[in-house]
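Here are the chains, one letter per residue:
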Amino acid sequence: LLKQKANSSNQSLSTCQTYTKKKHPLKAGNSQEVPAVNGNGNVVKVKSTNKMDNGSAKVNPPLAKPKSKRVAMDKNSNGTKSDGKGCKEKKKNGNILKEKGDIKHKRRKAEEHARQQPKEAEIWFDDVDPKDIEAAIGPEAAKIARRNLGLETGQSKQSVEQVLVKEKASEGLTRAVAMDCEMVGVGPKGEDSIVARVSIVNQFGKCIYDKYVKPTEEVTDYRTAVSGIRPGNINTGEDFKTVQKEVADILNGRILVGHALRNDLKVLFLDHPKKKIRDTQRYKPFRQRVKNARPSLKLLCERLLNVQVQTSEHCSIQDAQAAMRLYTLEKKKWEAAVKNKSNNKNCK
């Protein structure tokens, strides 16, 4: 009977140990509960302790869990992973890519803004209020409209005058004078021209003569949009014969400057020595610079003087000033070329 009880106790102990191993795995360094059998054959739990060299028992504290090593993994721009060595380079490359992206974005915005701005050639200004243009299209279009309608600010007008007229200069006659005429149309379709205004300036751009001329024929086209002439200007103008004589007296013996002077002399029924004519339309160096065989006065002023004239109704005073300024710009070379040409003719 005792033998059977012992065998039974051994089997229970084995079963309990197996169960304890599965249910409560032992951890190194921790206090353990070890199953045991008492004298009656019952299973009891005994707390296991570690003994020190002096025999005293001490419960081992639980060991800290070892931290797992973590390797920093970074993704390159191509999607591959690398360790921490390339982190700095990646950041740098990221900044470069960001800067390039910003530049492209700014460039794209600038191109879109440029496309949205109205081009001067695409806008018509006939009988349109600049305020209406600004409301419909925008401020840039209105600015172009005001400039073409001659509604520039006082500062813009002053800057043009500063280029064309020399301040604190003589207001009397000079060796060279510039002339310009405004004309109106006569005949069935207004295709023929008669003089309506004559303006003459001296070498410094100072106006020395400016008169409206009473028409000698019935006017069929005042050409106001270009000439600036209205019925009231010429109906009370000076008699043609008087103007003709006064202009002839001023031009006598002087260098005559102008643009397309042949037309001006024709409507005045006047002639002038060819060697004393300085026509800015026919001056070869000017034509070569602007690459135009018959350049307009407006084109020459824009390219050579960097000013705008004839933006709306023409003014004969301003046109004469512009021609004179172009002449004085090349005066030394121009006069030297005329002198050489004259000497070559004399030699022949």
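Throughout, a residue's number is its position along its own chain's written sequence, starting from 1. Only residues with pLDDT of at least 70 get local features here, since the model is predicted, and only at 80 or more are side-chain atom pairs given and counted; chain-wide, interface and lining totals rely on the full set of residues. Neither water nor hydrogens contribute to the side-chain values; these are computed over all heavy atoms in the structure.

For the chain, an unreviewed UniProt entry supplies the name RNA exonuclease 4 and the organism Fulmarus glacialis. UniProt positions are given in the numbering used here, feature names are shortened, and annotations may be inferred rather than shown by experiment. Quoted verbatim from the Sequence similarities (unreviewed entry) field of the UniProt record, the comment on the chain reads "Belongs to the REXO4 family." Of the comments in the UniProt record for the chain, the one headed Subcellular location (unreviewed entry) reads "Nucleus".

1. Some details on helix α11 (residues 297-305)
Each residue is assigned to one of three classes by its accessible area relative to the maximum for its type, calculated with a 1.4 Å probe on protein chains only: buried under 20%, partly exposed between the two thresholds, exposed over 50%. Each helix corresponds to a stretch of at least 4 residues labelled H or I by DSSP, and each strand to a stretch of at least 2 residues labelled E; elements are numbered beginning at the N terminus. Inspection of α11 places Leu297, Leu299, Leu300, Cys301 and Leu305 among the buried residues, and these make up the whole buried set. Looking one or two residues beyond α11, the residue adopting positive phi is Asn306, at roughly 60°.

2. What to know about the packing of aromatic side chains
Ring pairs (aromatic) are described by centroid distance and by the angle formed between their planes. Pairing of aromatic side chains here covers Phe, Tyr and the six-membered ring of Trp, requires ring centres within 6.5 Å, and sorts the geometry by plane angle: under 30 degrees stacked, over 60 edge-to-face, intermediate tilted. Throughout the structure, instances matching the rule amount to 5 aromatic pairs. Measuring from ring centre to ring centre gives 5.9 Å for Phe286 and Trp334, while their planes differ by 85°; the resulting arrangement is edge-to-face. One end of the pair, Phe286, is in helix α10 (residues 284-290); the other, Trp334, is in helix α13 (residues 331-347), with 48 residues separating them in the sequence. Of the two residues examined, Phe286 and Trp334, each falls in the buried class. Chaining the aromatic ring pairs together yields one cluster made of Tyr283, Phe286, Tyr327 and Trp334.

3. Quick word on the environment of Gln321
Structurally, Gln321 is set in helix α12 (residues 316-329). With relative accessibility at 11%, the residue Gln321 sits in the buried group. Two residues form a contact once any of their heavy atoms are found within 4.5 Å. If we skip the residues at most four places from it in the chain, Gln321 touches Leu164, Val165, Val201 and Gly205.

4. So, the nonpolar core
Note on terminology: a nonpolar core comprises buried Ala, Val, Leu, Ile, Met, Phe, Trp, Tyr and Cys residues joined through side-chain atoms within 4.5 Å. Ranked by size, the top nonpolar core spans 26 residues in total, and within it Leu164, Val257, Cys301, Met324, Leu326 and Tyr327 carry the most contacts. Among the secondary structure elements, those contributing two or more residues to this core are α5 (154-164), β7 (176-186), β11 (255-258), α10, α11 and α12. Broken down by element, the residue count for this core peaks at 7 residues, all from α12. Ignoring any residue separated from it by four or fewer positions in sequence, one finds Met324 in contact with Ala176, Val177, Ala178, Val201, Asn202, Gln203 and Val257. If you look at the next biggest cluster of nonpolar residues, it comprises 20 residues, including Met179, Tyr209, Leu256 and Leu261.

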